[in-house]
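As a plain string of letters, each chain reads:
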Amino acid sequence: MMQTAEMLKVFARHRGNAIVIPGRGGKHWIGMSDKPNRDLPMGDPAMGGHAMFGLGVALARPQDRVILFDSEGDLQMSMGVLATIADQAPKNFYHFLLDNECYATTGGQPVPNAKNVQYDEIARASGYQRTYAFTSLEEFTGAIGDIMSQAGPVFVAMKVMPEISNEAIGRRPRWQTRSRTQVIDDLQKELGVAT
Amino acid sequence: MAQSQEGFLSPQTVLAELKKNAVTHVLWLPDSETNWLYTLMKAESSLTLVPVSREGLAFSGAAGVHAGGGKPVILIQNTGMLESGDSLRGWGLSLNVPVVMIVGYRGYTRHGVNTDTVADYTEPFLMAFGIKYFLVERDSDADRISIAFEESRKTRRPVAVLVGDEYHGFN
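Report on the accompanying structure. Everything numeric here is computed off the predicted structure, so don't read it as measured data.

### Considering the interface of chain A and chain B
With 29 residues of chain A at the contact, the number on the chain B side is 28 residues. For the pair chain A and chain B, the number of links is one salt bridge. Across the pair Arg156(B) and Asp185(A) runs a salt bridge whose closest N-O atoms are separated by 3.7 Å. Those elements that provide at least two residues to the side of chain A that touches chain B are α3 (50-60), α5 (81-88) and α8 (180-191) of chain A. It is α3(A) that provides the largest number of residues to the side of chain A that touches chain B, a total of eight residues. Counted by class, the side of chain A that touches chain B contains 14 nonpolar, 11 polar and four charged residues.

See the structure below:
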């Protein structure tokens, strides 16, 4: 397993001008992103929707690369989204999965069949042409350049260390510096597509 | 499609409304009422059709399209809308996403008794979420679709169009 923050540091060198949806990695990404107005740290509007949100951005912005850091609990809620993404086959979409094998924000309870689900194989069977799975930072570091040099859609499953929280949600420190609506407004201004 | 469209809602009319309102992406899960509309939409180059496997995904997808500067529309049945409650809240209402959802009003009838309990819960569901809605039953109601788009744009909220012609609408 790798630390999410360390993995994101490696990824950041390959980001380029991409739009990044950091998902559960948001609290780390916010301190290392050099293009915050091209980030969409959405927090958790409603679990199970992140991959489809990322696809929506990618379809609306075919001229930009869109990077999503999904999580396995979120994906398990909506596994059918993999078929939709493969069906649309957006060349600009890079789908990374942070698999910590648990619901970290509710105390670390395991997701169903936590240690045995092969998400990269599910993605491939759903129609993704390129899929990867990494358990160590070293392997990931060696491959990320090649992954980002090719067209999407690509699926990258990564085993990450759980960062478990047992604090009541209301008592947790907020890492977000902008509201979700502000985040979207800022991206639209950055892209010149204010609606 | 040879007979007059006056008495019911034609798929051509719905498509014309989507084009008139500059829709770019249709997030949808088909139901028994939408096959003709599907055929027409597929042939329309200005629209990208995005099929989903569960209706709640249409809301997060629409939020993404909106964030990227596109103009989404959601096309689902009332059964799926009920299933999508938290996605509507989280990815629609709380993100101020201006999106029209065109909802097949399964089980609804203007005459007599509703034929499916989902029709009984449809409008109370929309009212519970504070979603404005417009009933469309025939071609002469079609301007209400544009009114829904304008309402959505103005309020930056999801707005519903209920298609209350289960047995003729779109087919």
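### Brief notes about the sheet that holds strand β1 (residues 25-28) of chain B
All names here are of chain B. Strand order in the open sheet formed by six strands is β2-β1-β3-β4-β6-β5, with parallel pairing between adjacent strands. Where the open sheet ends on each side, the last strands, each with one partner, are β2 (48-51) and β5 (133-136). On average, adjacent strands in this sheet sit at an angle of 20 degrees to one another, irrespective of strand direction. Of the strand pairs in this sheet, β5 and strand β6 (residues 159-163) are connected by four bridges, and their pairing is parallel. Looking at the pairing, Tyr133 lines up with Ala160 of β6. Sitting on the sheet, helix α6 (residues 117-128) is in contact with β4 (100-104), β5 and β6, with an inclination near 170 degrees to β6.

### Overview of the nonpolar core
Counting residues in hydrophobic clusters, the biggest one holds 64 residues, and the most contacted among them are Leu40(A), Phe53(A), Phe155(A) and Met101(B). Here this core takes seven residues from α3(A), the largest share from any one element. Grouped together as the second largest cluster of nonpolar side chains are 24 residues, Leu8(A), Ala18(A), Tyr132(A) and Ile147(A) included.

### Describing the side chain of Arg130(A)
Residues and elements named next belong to chain A. For Arg130, the position within the fold is in strand β6 (residues 130-134). Asp146 provides the closest opposite charge to the buried, unpaired Arg130, separated from it by 5.4 Å. Residues in contact with Arg130, not counting those within four places in the same chain, are Tyr94, Arg124, Asp146, Ile147, Gln150, Ala151, Gly152, Pro153, Val154 and Phe155.

Definitions and limits used
- Residues numbered from 1 in each chain as written.
- Chains lettered and ligands numbered in written order.
- Predicted model: local features only at pLDDT ≥ 70, side-chain atom pairs only at ≥ 80, totals over all residues.
- Heavy atoms only, no water.
- Contact = heavy atoms within 4.5 Å.
- Salt bridge = Lys/Arg side-chain N within 4 Å of Asp/Glu carboxyl O.
- Helix = DSSP H or I, 4+ residues; strand = E, 2+ residues; numbered from the N terminus.
- Nonpolar A, V, L, I, M, F, W, Y, C, P; charged D, E, K, R; others polar.
- Pairing = 2+ DSSP bridges.
- Axes fitted to C-alpha atoms, helices over the stretch in contact; angles between N-to-C directions.
- Core = buried A, V, L, I, M, F, W, Y, C linked by side-chain atoms within 4.5 Å.
- Buried < 20%, exposed > 50% of the residue type's maximum accessible area, 1.4 Å probe, protein only.
- Lys, Arg positive; Asp, Glu negative; His and termini not counted.

Function cannot be inferred from these measures alone, as they are strictly geometric.
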